[in-house]
Amino acid sequence: MVETLPCLEIPSTEGIKYAGSKLKLIPQILELAKKVDAKTILDGFAGTTRVSQAFAKLGYSVVCNDIAHWSEALGTCYLLNTKQHSEHQPLIDHLNSVPPIDGWFTEHYGGHANDGCAVQVDGLKKPWQLHNTRKLDGIRQEIEHLNLDKVDRAVTLTSLMLALDRVDSTLGHFSAYLKDWSPRSYKELVLEVPKVFRSEGNHQVCRSDIFDLVPNVSVDLAYFDPPYGSNNEKMPPSRVRYAAYYHLWKSVILYDKPELFGKAKRRKDTSDKLSASVFEEFRRNTHGRFMAVEAIKKLIKMTQARWILLSYSSGGRATAEELNDVMHSNGKLLAVVEMNYKRNVMAGMKWTDEWVDAAQKPNREFLFLLEKN
């Protein structure tokens, strides 16, 4: 059975390129949320905040959380904004007029065009061309000097990230850069006012470890999209931990000029030993259970919400059988949706355990709606 997408008005959202983006899942997330009488939402692993933005635009009150500093900036920009879009324009115009300078970002991440090759004299590839890192250095220094309030600062930093994302020479993350400059990297860095909005909901933006947050937040529905590890027994979830893929956004936000290492010049505090997530853990515990599955079990039990909406990829560490057991032992599974991106449909509402067999095939994406015991 295959269902076409429901006729649901999908709010527009905005964000940077992101390997874990749930942009294509937003229609299904919103449709499942409509099946229950939820008014307050926790987006526990918000990332680019697209899901939080969509819920906020539909009138839900949203608690937007992620451990990343850059995600907190995005959430503050979109969910806590109280100004009209046009009110931000003078500040953005001012930042666009700031003269370029040679600073920390240019020193480490800027490169010459070199006839199309992004490999520099030091043998390293760079994510941006010099004319744009010099603009970045000037603008970032000016944001620091302006002493803006929390929301205005978040709006400028979001504008800067979006502008940098439009002129980068990457595949969408910062663990490696392209050998040859991308066509967009030749363009000029120009800031634009983010697509901010004023919503009716009473929103919160947090930057907390999810296990520290959930005991202190009570909502109707919690949406969880934790980072996934590998399902390959012979290798770790990634050569680079999830948080490290976006280390440069952290440096843009904090402007702390950290110690760097490696060919991609990653922040030292994003090394594998320091930035690991238990949800990416590929090992089993002493009881023979996958640690990532046990983390999901713990999260479901600790969450103060009547309903939980969980994203799961068959490329993740959690085996279907174990995850199925976790959910059935913690509540009633109301719906399971398997996604088929190529056909742009929901590949059937599965009301039984049929999804376990489907999950054995690679690259399957599922959404689970669970009503807790």
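The subject of this paragraph is the packing of aromatic side chains. Evaluation of the coordinates by the stated rule reveals 15 aromatic pairs. With 5.0 Å between their ring centres and 85° between their planes, F55 and Y60 make a pair best called edge-to-face. Seen in terms of ring centroids, F366 and F368 are 6.1 Å apart; in terms of plane orientation they differ by 20°. Their pairing is stacked. Overall, F366 belongs to the buried group, its relative accessible area being 0%. Taken together through their ring pairs, the aromatic side chains of Y18, W70, Y245 and Y246 make up a single cluster. In this structure, K298 packs its charged tip against the face of F211, placed 4.4 Å from the ring centre.

Moving on, we come to the nonpolar core. Residues F55, W70, W128, L160, L221 and W249 are the most contacted members of the largest nonpolar core, which totals 70 residues. Sorting elements by how many residues they give to this core places helix α7 (residues 150-165) first, with nine residues. The residues touching W128, leaving out its near neighbours within four places in the chain, are Y109, G110, G111, T133, L136, L164, V167, D168, F174, W181, L248 and W249. V63, I210, V214 and A305 belong to the second largest nonpolar core, which has 31 residues in total.

Here R140 shows up in helix α6 (residues 130-146). Each C-alpha atom of the pair R140 and V252 lies 7.5 Å from the other, and the pair is 112 residues apart in sequence. Setting aside residues up to four positions removed in sequence, R140 forms contacts with F105, R153, L157, L160, V252, I253, L254 and Y255.

Among the seven residues of strand β6 (residues 218-224), five are classified as buried, and the element is accordingly described as predominantly covered. Pairing analysis gives three bridges linking strand β1 (residues 40-43) to β6, with the strands arranged parallel. What sits directly across from L42, in β6, is A222. Across six bridges, the pairing between β6 and strand β9 (residues 304-313) is parallel. When the bridges of β9 are listed, L221 appears paired with W307.

In this section: the side chain of Q129. On the secondary structure map, Q129 appears in strand β4 (residues 128-129). Residue classification places Q129 among the buried positions, given a relative accessible area of 4%. A polar contact of 3.0 Å, which involves the side chain of Q129, links it to the side chain of S185. Once residues within four sequence positions are removed from consideration, Q129 is found in contact with G111, A113, W181, S185 and Y186.

Let us look at the packing of helix α3 (residues 69-79) against α7. Running from N to C, α3 and α7 cross one another at 115°; their axes reach a closest spacing of 8 Å. The interaxial crossing formed by α3 with α7 has left-handed handedness. Along the contact surface, α3 presents W70, A73, L74, T76, C77 and Y78, while α7 presents K150, V151, A154, V155, T158, M161 and L162. Across the contact of α3 with α7, the residue classes tally to ten nonpolar, two polar and one charged.

As a further point, take the pairing of β1. Alignment of β1 against strand β2 (residues 61-65), held across four bridges, turns out to be parallel. Opposite T40, over in β2, you have S61 as the bridge partner. Following the chain from β1 across helix α2 (residues 50-57) to the adjacent parallel β2, one finds a crossover that is right-handed.

By secondary structure assignment, the location of K135 is in helix α6. Judged by relative accessible area, K135 falls into the buried class, the value being 12%. Sequence separation of K135 and N96 is 39 residues, and the distance between their C-alpha atoms is 8.5 Å. With residues near it in sequence (within four places) discarded, K135 still touches L95, N96, V98, P100 and L189.

Thresholds, definitions, all that
Residues numbered from 1 in each chain as written. Predicted model: local features only at pLDDT ≥ 70, side-chain atom pairs only at ≥ 80, totals over all residues. Heavy atoms only, no water. Phe/Tyr/Trp six-rings, centres within 6.5 Å; stacked < 30°, edge-to-face > 60°. Buried < 20%, exposed > 50% of the residue type's maximum accessible area, 1.4 Å probe, protein only. Lys NZ or Arg CZ within 6 Å of the ring centre and 35° of its normal. Core = buried A, V, L, I, M, F, W, Y, C linked by side-chain atoms within 4.5 Å. Helix = DSSP H or I, 4+ residues; strand = E, 2+ residues; numbered from the N terminus. Contact = heavy atoms within 4.5 Å. Pairing = 2+ DSSP bridges. Polar contact = N/O pair within 3.5 Å; in protein donor to acceptor, adjacent residues only side chain to side chain. Axes fitted to C-alpha atoms, helices over the stretch in contact; angles between N-to-C directions. Left-handed = near helix turned anticlockwise from the far one by under 90°. Nonpolar A, V, L, I, M, F, W, Y, C, P; charged D, E, K, R; others polar. Right-handed = clockwise from strand over helix to strand, strands pointing away.

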